[in-house]
Amino acid sequence: MTTETTGPSRYAQRLGSRIRALDARRPWVWDAAVTATWTVAALVDAAGGWRNTARDPSVPVWLVVTLSLLLALPLHWRRRRPLTALAVMACAALVGDGSGAFLQAAYLQMLPLFHIALGRPPRALLWALALIAPPLVTGAVRFPSESWDQRVVPALWAYAIVALLGIALRARRDERTHEVRLAATAERTRIAREMHDIIGHNLSVITSLADGGRYAAPKNPERAAQALDAIGTTSRQALAELRRLLSVLHEDDEAAARTPQPTLTDLEPLIAGVRRAGLPVHADLPPAAPALSAGAQLTVHRVLQEALTNTLKHAGPDATATVRLSYGPGALELLVTDTGTPSRAPGRGHGLTGMRERAARYDGTLDTGPLPTGDGWRVRLRIPLEESPS
């Protein structure tokens, strides 16, 4: 079930994003605003309101004002040096509770405590407790007008809730950071696999064309010129694919989504390029396109590219290849066979691993190995069609 974001909610999200962006650029602005706000509140309370909670209303006003400033001004350093700020505030709270002023500004210690829980090691909370508890105990012992736990326990519970909130937000932040790292790792792996497919295939084609042109040059200059033209075409295609792939690193998701990816319609040009490199390929490609997502079609293209590249590299000079694409009951099947040497060990190298990972991403399977006759190699890819259960 999806929920629509209301107008006020969208406005609040935009406002929150702008505030966070401003805080990231100029943190001193937010620190100064918070400090100024609570300093004014503490001084207003010092003008006379503090007597409503004081155990000794005769405490000198100058001392109340000084303690109020010491409880509010350290908030400016609550994010950079939270333990230092809390230590200064705890000293002021100790004097305030010991004198009987019982200033409400002492609860501002919650702010550096929150940042200690949010950004410091867990053992720092023990130091925070050692700073917060003495003022509470001192006030309860010196002015036992009510049960000591009525003064100490509720305050400690309030501080504990603030610390737990900081720990919860820290855990959530660490989880998001971990998710971002996993996504970055997955993206690097995807880009590395794409570059392996692009560079490995096109370099194999170029190498085969160059070798063929070199042998043909003394007897058939026209054939050598055709090989050079094919090398130029293949090189430009490889460069174009690499530019497309690397441009994703500098684009947003929407722009990257608009970048065209190879599909099933690009299988025939891929096979034609391999033929120009000197590998005879018999292809059986049905004209009707199945119901496959763009990612699944890219998987079929890359698997065929890798299989033909391996044939160019390992099958030998007299090898031929056969490509058959078929749509069975609820699944697409790609079968690539060649007549080269069957000595290639299955499962080695990044190419076969990448093909298997691509297939598994779309609930598909990939089988590789020598032909039953013992004189060739086989690659079979099977991907469920999207309208059928996988």
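Calculation criteria
Residues numbered from 1 in each chain as written. Predicted model: local features only at pLDDT ≥ 70, side-chain atom pairs only at ≥ 80, totals over all residues. Heavy atoms only, no water. Patch = residues over 30% accessible without salt bridge, like charges linked within 9 Å, V, L, I, M, F, W, Y side chains within 5 Å. Areas by Shrake-Rupley, 256 points an atom, 1.4 Å probe, with all protein chains shown as cover. Salt bridge = Lys/Arg side-chain N within 4 Å of Asp/Glu carboxyl O. Helix = DSSP H or I, 4+ residues; strand = E, 2+ residues; numbered from the N terminus. Expected span 1.5 Å × (residues − 1). Buried < 20%, exposed > 50% of the residue type's maximum accessible area, 1.4 Å probe, protein only. Arc of directions from axis to C-beta. Contact = heavy atoms within 4.5 Å. Pairing = 2+ DSSP bridges. Axes fitted to C-alpha atoms, helices over the stretch in contact; angles between N-to-C directions.

Next up on the list: a nonpolar patch on the surface. Together, Y11, L15, I19 and W30 make up a nonpolar patch on the protein surface, roughly 400 Å² of accessible area in all. Among the elements that take part in the nonpolar patch, helix α1 (residues 7–25) stands out by supplying three residues, more than any other. Residue position: W30 is located in helix α2 (residues 27–46).

Turning our eyes to something else, we now look at α2. The first and last C-alpha atoms of α2 sit 29 Å apart over 20 residues, in line with the 28 Å expected at 1.5 Å per residue. Buried residues of α2: D31, V34, T35, T39, A42, D45 and A46, and no others. Along α2, the residues classed as buried sweep out an arc of 130° about the axis, all on the same side. What points out from α2, more than 90 degrees from its buried face, is the exposed set T37, V40 and V44. Taken together, the buried residues of α2 touch α3 (61–72). Residue G48 follows α2 closely and has a positive phi angle near 155°.

Okay, the pattern of salt bridges next. Here the structure, examined in full by the defined rule, presents seven salt bridges. The salt bridge partner of R79 is D31, with a shortest N-O separation of 2.9 Å. A residue pair is termed long-range when its members are at least 10 positions apart, and R79 in the loop between α3 and α4 (82–99) and D31 in helix α2 qualify at 48 residues. Under the relative-accessibility criterion, R79 is labelled partly exposed at 24%. Two residues, R324 and E333, come together in a salt bridge whose shortest N-O distance is 3.9 Å. Accessibility expressed as a relative area gives 32% for R324, which makes it partly exposed. Overlapping salt bridges bring together D31, R78 and R79 as one network.

This brings us to the sheet that holds strand β5 (residues 377–384). With mixed pairing, the five strands of this open sheet are ordered in space as β1-β2-β3-β5-β4. The open sheet has two edge strands, β1 (281–284) and β4 (365–370), and neither has a second partner. For this sheet, the mean angle separating the axes of adjacent strands, direction not counted, is 10°. Bridging between β1 and strand β2 (residues 321–328) involves four bridges; their strand directions are parallel. Looking across to β2, one finds that V281 is bridged to A321. Here helix α10 (residues 267–276) sits on the sheet in contact with β1 and β2, set at roughly 165° to β1. Each of β2, β3 (331–338), β4 and β5 touches helix α11 (residues 294–314); the most contacted strand, β3, lies at about 10° to it.

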